[in-house]
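Each chain, written out:
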Amino acid sequence: MNRPAPFLRLSSLRSRLMLLVALAILPLAVMTVVGGMREREQAVEASQENLRRLTNLAAANEAQSIERARQILVDLASVPDLLGPTAGCNALLADVLDRNEGYVNFGLIQLNGEVSCSAVPMLHPVNLGDRSHFKRAISERRFIAGDYVFGRVIRRHTINLTYPVIDRSGNVAAVVFAAMDLAGLDTFVNDINLPPGSVLVTADANGTIISRRPDPERWFGTRVPVHLREAMQSAGRRAVVIQDDDGVERLHTFARVGAATLSDYTVTIGIPTDTVTAGARRAQLMSLVGLAATTMLALLAAWLAGDVLIVQRVRKLKDTASRISAGELDARSGIAYEREEIGQLAEALDGMAAALQKKEAARGLAERELRAADQRKDEFLAMLAHELRNPLAPISTGAHLLKLLHSDNAQITQTCAIIARQVEHMTGLVDDLLDVSRVTRGLVSLSTGVLDLRKVVDDAAEQIRPLIATRRHTVVLDLPLDAATVKGDHKRLVQVVANLLNNANKYTPEGGRIELRLSQDDGDYVLSVKDDGIGMEPQLVARVFDLFSQAERTPDRSQGGLGLGLALAKSLVELHGGSVRAESAGLGKGSTFTVRLPRHTQELPLTIAQSRGHTAAATPMKVLLVDDNLDAAHTLQLFLGAAGHTVEVAYCGADAVDVARVFEPDVCLLDIGLPDFDGNELARRLRRMPQSTGATLIAMTGYGRQQDREASMAAGFDHYMVKPVNTVELSDRLADIAAQQHPR
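Residues numbered from 1 in each chain as written. Predicted model: local features only at pLDDT ≥ 70, side-chain atom pairs only at ≥ 80, totals over all residues. Heavy atoms only, no water.

Colleague: Can you break down helix H12 (residues 453-470) residue by residue, with the values?
Modeller: Along its 18 residues, H12 runs 26 Å from first to last C-alpha, staying within 8% of the 26 Å computed at 1.5 Å per residue. At Ile-464, H12 is bent by approximately 50°, the largest bend along its length, and proline Pro-466 sits one to four residues beyond. Turning to H12, its buried residues are Leu-453, Val-456, Val-457, Ala-460, Ala-461, Ile-464 and Ile-468. Phi for Arg-472, located one or two positions after H12, is positive at around 55°. (Helix = DSSP H or I, 4+ residues; strand = E, 2+ residues; numbered from the N terminus. Expected span 1.5 Å × (residues − 1). Bend = angle between axes of the 7 residues up to and from the residue. Buried < 20%, exposed > 50% of the residue type's maximum accessible area, 1.4 Å probe, protein only.)

What follows is the structure, given as structure tokens:
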């Protein structure tokens, strides 16, 4: 009969030790699984409450807009001129329209349904007697917020808000109405921040969409899906999970827009369920991975410890006893003497001969082993940081490739974004580990030059901006007007400032404040980073710049780290001849980190970008700007106008053709996604017109695929820029065009 292997027999000391370790870890495994399930439930509950709050906020914003419209109509109904001559009525309503944004018309409806006067001139008689809001305003004698309509006079997506005009005898003499632009109504919910993939819908009593995010224009006047409309009517304040028409399962909550006397509109917000549970899933996965790694390491440690601490030592004692019994009095066990039984037995055996000689030899051996272990530790740390970087590049490349191949799959795209963020985070940790290893081993060399500390701060703030935005911190930069010149390595100093900002970001609660101030003190520049975060105890302040030193974390600070950033910052600052120190008034009172660097008196060299900046707009040109986004168009128009260019703006392709025929532009900045025909077709038409055939055409669009670029270039564009457009790059490009068209 075959006997089981020694490591499978419980009679083995090592197998028993491993069994004890496994039993000790079992409760931790159960708690990890149960804790992950509870975190998932708590995440759903917290998301429901937050979603309900956002839905009520959106409904309140829209109710405020409708209440304002009601007040305007109440005031209009009390004006005597409203029932006077048509010319006076038209002038009155036109004046009201001019004074109130978000409305496209005001009018008066007679009892027979005829519109007798209107703020917008009517090309033909209009009868609104069939409108339900008109009939209800007469029968119910109150303000009515009507359902969605496509205006017969103004030809826009609107909701009509009506109010009866009561004469002195108490009878309804007419009905005054206001046509609210749905695009204007949609702006009242723009300040509601929603996770990616979320939808916000406002529907009237018939289930017709009057406001939606995203893509509101595409959805105006369409019907809410049946399952969502049924949930609107029955769910009330209860959150429900619904699979929408795009196949995405979302958690929805609902809220009524104002009281029943104000409107019959309902607002719903839905966020993807994957977004709700993503954080809990990641935390649970990391916990399970950590548990598995801990279990494997613990079992391995038990196996090795059983071999090293017990089995091998017993064998040594046996061998030593055999040698002594054979007459080798210089034989020694080589086992450290402890209070446990094996150590006491070894001490007794070694005491039979020259114990002192053996102790001295053992002490010398121990010292040599300690020095060798310390050297191996440094070499291993450097090797580990270096080797960990190798697999990160293919992981990152694979994530971007997967995203490119499956760009139409939202789940794969989201997963790729998660992978990219985690690779970036891992890269930062590895870079810090490698930098610390290099600093401690004296392998860091600085590429020094004269530089401006203000530029260092700007680059560091730009680098850390995504993390700051995620936690919604307020960052205040207080920089001097004049250049703060120092001599140092730009990349390394950016790393120092970024590490200080990142440290403040980690230990400052969401919505906190971080201040960065740069000032001059005698012969030094002083850069301080101050936060209102968790602060530090005096014991931590004294060792905060030590390797692997960290403050205690709470669950709300999810940014990982190894405790290397501040240690690395201190080492790099000292390599620049400066110093860094930390201060804190105590727990909950924030922290301040101060860097001092020697001031350098040499002037900064003039860079290419600076010298070019003086000539970027030397030759003004005529620029035609075409974009259906009013805010984007107006902002860019102001920028170009400030640079000295003459700018004409059009919001659709047809208007752009008419403007170009008169304006004869030098440069045309064209959006691709226009409401009537796209920018590629507009480019073809401009190329065929003698007034613009020689103009330089620049595409400005959110479409960045290669086939989009090729299609635009084939249509006649000279340049292609992806939104958001970099204004510095645009200025340089216009300067090049001006130099080509108007050479000096």
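There is more to say, and it comes next.
Colleague: Got a sec to walk through helix H18 (residues 653-663)? Specific residues and values, please.
Modeller: One turn of the α-helix equals 3.6 residues, which is why residues spaced by three or four share an orientation. Among the residues making up H18, those that are buried are Gly-653, Ala-656, Val-657, Ala-660 and Phe-663. Buried residues of H18, viewed axially, fall in a sector of 145°; they line one side. Check the buried side of H18 and you find it contacts strand S18 (622-626), strand S19 (646-650) and helix H19 (679-688). Within two residues after H18, Glu-664 carries a phi angle of roughly 50°, on the positive side. (Arc of directions from axis to C-beta. Contact = heavy atoms within 4.5 Å.)

Colleague: An account of the side chain of Ser-692 is requested, with residue identities and associated values reported.
Modeller: Along the polypeptide, Ser-692 turns up in the loop between H19 and strand S21 (696-701). By relative accessible area, Ser-692 is classed as buried at 1%. Among residues more than four places away in sequence, those in contact with Ser-692 are Pro-665, Leu-686 and Arg-687.

Colleague: I'd like to hear about the pairing of strand S1 (residues 103-109), residue by residue, with values.
Modeller: Here is the key point about a regular strand: its side chains alternate between the two faces of the sheet. For S1, the tally of buried residues reaches seven of seven residues, placing the bulk of the element in the interior. In this structure, S1 lies alongside strand S5 (residues 172-181), joined through six bridges in antiparallel fashion. Counted as the bridge partner of Tyr-103 is Met-180 from S5. Direction of pairing for S1 relative to strand S2 (residues 115-118): antiparallel, over a ladder of three bridges. The residue of S2 that forms the bridge with Ile-109 is Val-115. Where S1 folds back onto S2 in an antiparallel hairpin, the turn is made up of five residues, including Gly-113, whose phi is positive at roughly 95°. (Pairing = 2+ DSSP bridges.)

Nothing here speaks to function; it is geometry throughout.
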